[in-house]
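# Structural overview for review
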Amino acid sequence: MNNSDQEYLLQKAREKIEAGACRAAYKILAPLIVAKCPEALYLYSTFRLIRKETDEDFEKRSLGILTEAANLGSPEAQYRLGAYYDVGDVVDKDREKAAQLFKLAAEGGHSKAKAFHGLDLFYGLNGISQDKASGMGFLRQAVDEHVDGAEYELQRMYDTENQTN
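Residues numbered from 1 in each chain as written. Predicted model: local features only at pLDDT ≥ 70, side-chain atom pairs only at ≥ 80, totals over all residues. Heavy atoms only, no water.

## What about the overall build of the protein chain?
Applied cut-off: Numbering goes from the N terminus for both helices and strands, where a helix is a DSSP run of H or I of at least four residues and a strand is a run of E of at least two. Buried residues are those whose accessible area, probed at 1.4 Å on protein chains only, stays under 20% of the maximum for their type, while exposed residues exceed 50% and partly exposed ones sit between those limits. Here, residues are in contact when the closest pair of their heavy atoms is within 4.5 Å. Residue-level accessible areas treat just the shown protein chains as cover; the underlying method is Shrake-Rupley with a 1.4 Å probe. Positive charges are assigned to Lys and Arg, negative charges to Asp and Glu, while His and the chain termini are left out of the count. Each charge is placed at NZ for Lys, CZ for Arg, CG for Asp and CD for Glu.
Across its full length, the protein chain holds nine helices and zero strands. Reading the protein chain from its N end, one meets helices and strands in the order α-α-α-α-α-α-α-α-α. Principal axes of the C-alpha set define a box for the protein chain whose edges measure 60 × 35 × 25 Å. Counting every position in the protein chain, which comprises 165 residues, the buried fraction comes to 40%. Within the protein chain, contacts between residues at least 6 apart in sequence are counted, and of these 40% link residues at least 24 apart. Working note: accessible area of the protein chain is about 9600 Å², and carbon and sulfur atoms make up 48% of it. Here the protein chain carries 21 positive and 27 negative side-chain charges, and the mean point of each set is 7 Å from the other.

## Focus: the environment of D131
Within the secondary structure, D131 sits in the loop between α7 (111-123) and α8 (132-144). Among residues more than four places away in sequence, those in contact with D131 are L121 and F122.

## What about the nonpolar core?
Filter applied, for reference: Buried Ala, Val, Leu, Ile, Met, Phe, Trp, Tyr and Cys residues form a nonpolar core when they are joined through side-chain atoms within 4.5 Å.
Counting 38 residues, the largest nonpolar core has L10, L29, A40, L43, F47 and L81 as the members making the most contacts within it. For A40, the contacting residues outside a window of four places in its chain are L10, L29, L32 and I33. Within the second largest apolar cluster, ten residues are counted, among which are A115, F122, V147 and A150.

## Here's the deal with the environment of S74
Residue position: S74 is located in the loop between α4 (55-71) and α5 (75-87). Note on S74: relative accessible area 0%, which makes it buried. Taking the C-alpha atoms as reference points, S74 and A40, 34 residues apart in sequence, are found 9.1 Å from one another. Not counting the four nearest positions on each side in its chain, S74 is found in contact with P38, E39, Y42 and A69.

Just geometry here; none of it tells us what the structure is for.
Set out below in structure tokens:
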């Protein structure tokens, strides 16, 4: 299967998920899941197939699939897993692990992750070595990609830099 076929199937599955047709989405995703397609795994982590699945069972299953998708390089999965670790939702809070996941997702092109990683870089937070220029660069990208709050944070960075110079 070539990339355009795979992207077509992923888009069709997204449409089915948005419409609440999770069984239909799973049928589309199944061959991609078997092939360990990171984005297909990420999408599969977002919905239930079994109505009797408890919330706890769903969270456990979803977290396992999400972790696999993140490890295989899905920027969306890396971002979502990073958000879980950042706030301690579904997993124990671990800001350094969150920062590493945001870094990977940002480097993979995830817009919101660029904002988080930019802040970590600029201020030297959460185990990320300080690099103000790179931090501002990631924030500029987030602004260009219309991430909520990114413009405000970038302005704060400029203000901080102007106060110290």
